[in-house]
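Architecture at a glance
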Amino acid sequence: MSDQPYVYRRRELVEPDWRRLPGFADATAEQWADAQWQRVNCVKNLRQLRGVYGDLLSEDFYADVERDQAERATMSLLLPPQMLNTVVPTEVPSTEAMLADPVRRYMLPVFSDRATDWPSHPHSSRDSLHEAEMWATEGLTHRYPTKVLAEMLPTCPQYCGHCTRMDLVGNSTPLVQKHKFELKPVSRHDAMIDYLRRTPGVRDVVVSGGDVGNMPFKNLESFVARLLEIDTIRDIRLATKALMGLPQHWTAPDVVEGMGRLATTARSRGVALAIHTHVNAAQSVTPSVALAARAMIEAGVRDVRNQGVLLKGVNTTPEQLLDLCFALQDEAGILPYYFYLCDMIPNAEHWRISVGQAQDLQHSIMGYLPGFATPRIVCDVPYVGKRWVHQLEEYDRERGISYWTKNYRTGIELRDPDALSRRYEYYDPIQSLPPSGQAWWREHAGTEAALDRAHEAARASQEASAALVSA
Ligand code: SF4
């Protein structure tokens, strides 16, 4: 008999011992469990990183991080102790172990990881999903007919190297001057509520950011309570990677009590209130994370679900993905819901995989998890939205261009007669292509990027004329 390609074994969660890291050697269990202590002791710069690891890591490693921040990073550093503690979790970290670690690879990027030939795809862009173009009010993206995304704030308790909202979220880096919201938070949130009151076709609100774990809880509670008063809204999902990166926030007594109040109101009105988190590696699922997820379920939220991002070197083998899904589903009560392809933002090519590789991954993970907990692997296609990776219309594997269609108009295409027949493109990383495809891109990259800019200009002017007609 042959072995199965993947062998399931139940694995108990373990909280790595933080005292192995010189900077946290004296932290007590009480301090560790305290959200405020975690926030105060975050690593935000190289000096603080040295403070945690000291001589365990080589000067070359620190220089690698520093060069990345100066020349490639689209996100600044922000790592809570909880998150750092899951990097090289079972031993005293060495430079080699740090470089190889999946969580380090995306939360603490180094220059030497980035692709050298094509660090960015020619079609990559800030706000690669064009969310700001689809804002119905500032920060409220209306892309799908029945659902909206409310970007409540532009900060998070942790910053991920691959953040798709790198345009807006976090501090500016030497490479990226972040855009700023123009309205004050209160006015912005009021405008969102006002839009939702007068738009009964929207039934589902993703309350996101950034990360709602960074909102003062009373402000989050007040916003969600106002959503709950709109009787056309049936689904509310709170997006917070902090459930994993800073689970101490979600177990703080005032937050648990407040979530209990919201969940009770939601249940009494028949609204499904859920939490969506973002975990990319099995080693990030620790007892503290399970505790936070359980606290939310006990407070009465309908579900805690995971939306991860596929990142090379982190979670793109069937084994890495299944280990993660089983840790979430079996040990933390978090539903493995989606995995996204990493979006086409600048300097992300070393993380991205092709649509074809994603299709193979989806195939490899079928049949191990219960059907309801088998995550869908999706591609967020610009101007389209999420599509299961097998849903493409056509696929040019040589040039790595996939073509997609959609069955609804986004908020900016209501008068666009071609929106439902047009084909929208998504691009594989050039490194993943056969030599002939790579040669094609070397020859055409400049022209393609220029065409891209021309398309965007044409689209913007089309939208401007449509707005004039409707005004
Ligand atoms: S938590 Fe989400 S919004 Fe915040 S940096 Fe990470 S990916 Fe971006």
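Parameters at a glance
- Residues numbered from 1 in each chain as written.
- Predicted model: local features only at pLDDT ≥ 70, side-chain atom pairs only at ≥ 80, totals over all residues.
- Helix = DSSP H or I, 4+ residues; strand = E, 2+ residues; numbered from the N terminus.
- Buried ≥ 20, exposed ≤ 12 C-beta atoms within 10 Å, placed from the backbone.
- Contact = placed C-beta atoms within 7 Å.
- Pairing = 2+ DSSP bridges.
- Expected span 1.5 Å × (residues − 1).
- Arc of directions from axis to C-beta.
- Near = placed C-beta within 6 Å.
- Nonpolar A, V, L, I, M, F, W, Y, C, P; charged D, E, K, R; others polar.
- Axes fitted to C-alpha atoms, helices over the stretch in contact; angles between N-to-C directions.
- Parallel < 35°, antiparallel > 145°, perpendicular 65-115°, else oblique.
- Left-handed = near helix turned anticlockwise from the far one by under 90°.
- Domains from an automatic or database assignment.
- Right-handed = clockwise from strand over helix to strand, strands pointing away.

In terms of regular secondary structure, the protein chain is built from 16 helices and 13 strands. Projecting the C-alpha coordinates of the protein chain onto the three principal axes gives extents of approximately 65 × 60 × 55 Å. Across the 471 residues in the protein chain, those meeting the buried criterion constitute 43%. In the protein chain, once contacts between residues fewer than 6 apart in sequence are set aside, the share between residues at least 24 apart is 80%.

A regular strand places its side chains on the two faces of the sheet in alternate fashion. Relative to strand E10 (residues 385-388), strand E9 (residues 376-381) runs antiparallel, the two being bridged by 4 bridges. Residue pairing in the sheet places Asp-380 in a bridge with Lys-386 of E10. Taken together, E9 and the strand that follows it, E10, pair antiparallel across an intervening segment of 3 residues, in which Tyr-383 is found at a positive phi of about 65°.

With 16 residues, helix H12 (residues 253-268) should reach 22 Å at 1.5 Å per residue; the first-to-last C-alpha distance of 23 Å fits that figure. Among all positions in H12, only Val-255, Met-259, Leu-262, Ala-263 and Ala-266 are buried. The buried residues of H12 occupy one face: seen down the axis, they fall within an arc of 100°. More than 90 degrees from the buried face of H12, the exposed residues found are Pro-253, Asp-254, Glu-257 and Ser-268. Considering only its buried residues, H12 is in contact with helix H9 (217-228), strand E5 (235-239), helix H11 (247-251), strand E6 (272-277) and helix H13 (287-299). Following H12 by one or two positions, Gly-270 adopts a phi angle in the positive range, close to 70°.

So, about helix H3 (residues 46-53). Of all the positions in H3, only Leu-49, Val-52 and Tyr-53 are classed as buried. Around the axis of H3, the buried residues are gathered within 80° of arc, so they sit on the same side. On the buried face of H3, the contacting elements are helix H4 (59-71) and helix H5 (81-84). Just beyond H3, the residue with positive phi is Gly-54, at close to 50°.

A few words on the site of the ligand. In the neighbourhood of the ligand, the contacting residues comprise Cys-156, Tyr-159, Cys-160, Cys-163, Arg-165, Val-169, Gly-209, Gly-210, Asp-211, Lys-241 and His-278. Split by residue class, the shell around the ligand holds 5 nonpolar, 3 polar and 3 charged.

With that settled, the discussion passes to the environment of Val-88. Positionally, Val-88 belongs in the loop between H5 and helix H6 (95-100). As a C-alpha pair, Val-88 and Met-98 span 10 residues in sequence and 6.4 Å in three-dimensional space. Not counting residues up to four positions away in its chain, the partners in contact with Val-88 are Pro-93, Ala-97, Met-98 and Asp-101.

Next up on the list: the packing of helix H14 (residues 318-332) against helix H15 (residues 355-365). At a minimum axis distance of 10 Å, the contact between H14 and H15 shows a crossing angle of 55°. As the angle between them shows, H14 and H15 are arranged oblique. Classified by chirality, the crossing of H15 by H14 is right-handed. Facing Pro-318, Leu-321 and Leu-322 of H14, the residues of H15 in contact are Leu-361, Ser-364 and Ile-365.

Below, the discussion takes up the domain arrangement of the protein chain. Assigned domains within the protein chain: domain 1 (18-113) and domain 2 (132-390). Here domain 1 and domain 2 have C-alpha centroids that lie 24 Å from each other. Facing 27 residues of domain 1, the contacting portion of domain 2 comprises 35 residues. Element by element, the count of residues in the side of domain 1 that touches domain 2 is highest for helix H7 (residues 102-107), at 5 residues. Grouping the constituent residues of the side of domain 1 that touches domain 2 by class yields 16 nonpolar, 6 polar and 5 charged.

Right, let's talk about unusual backbone geometry for a bit. Looking along the chain, the bond that leaves Gly-209 and enters Gly-210 is cis, with omega of 15°. The phi dihedral of Asp-127 falls on the positive side, at around 45°, and the residue is not glycine. By secondary structure assignment, the location of Asp-127 is in the loop between H7 and strand E1 (135-137). In this structure, Tyr-383 takes a positive phi of about 65° despite not being glycine. As for its placement among the helices and strands, Tyr-383 is situated in the loop between E9 and E10. By C-beta crowding, Tyr-383 is classed as partly exposed, having 19 other C-beta atoms within 10 Å.

Let's shift gears to the pairing of strand E7 (residues 303-310). With 6 of 8 residues buried, E7 is to be regarded as a mostly interior element. Here E6 pairs with E7 via 4 bridges, running parallel. Within the sheet, the bridge partner assigned to His-276 lies in E7 and is Arg-305. The parallel pair E6 and E7 is bridged by H13, and the resulting crossover is right-handed. Summarising the sheet, E7 and strand E8 (residues 335-341) pair through 6 bridges and their orientation is parallel. Bridged to Val-309 within E8 is Tyr-340.

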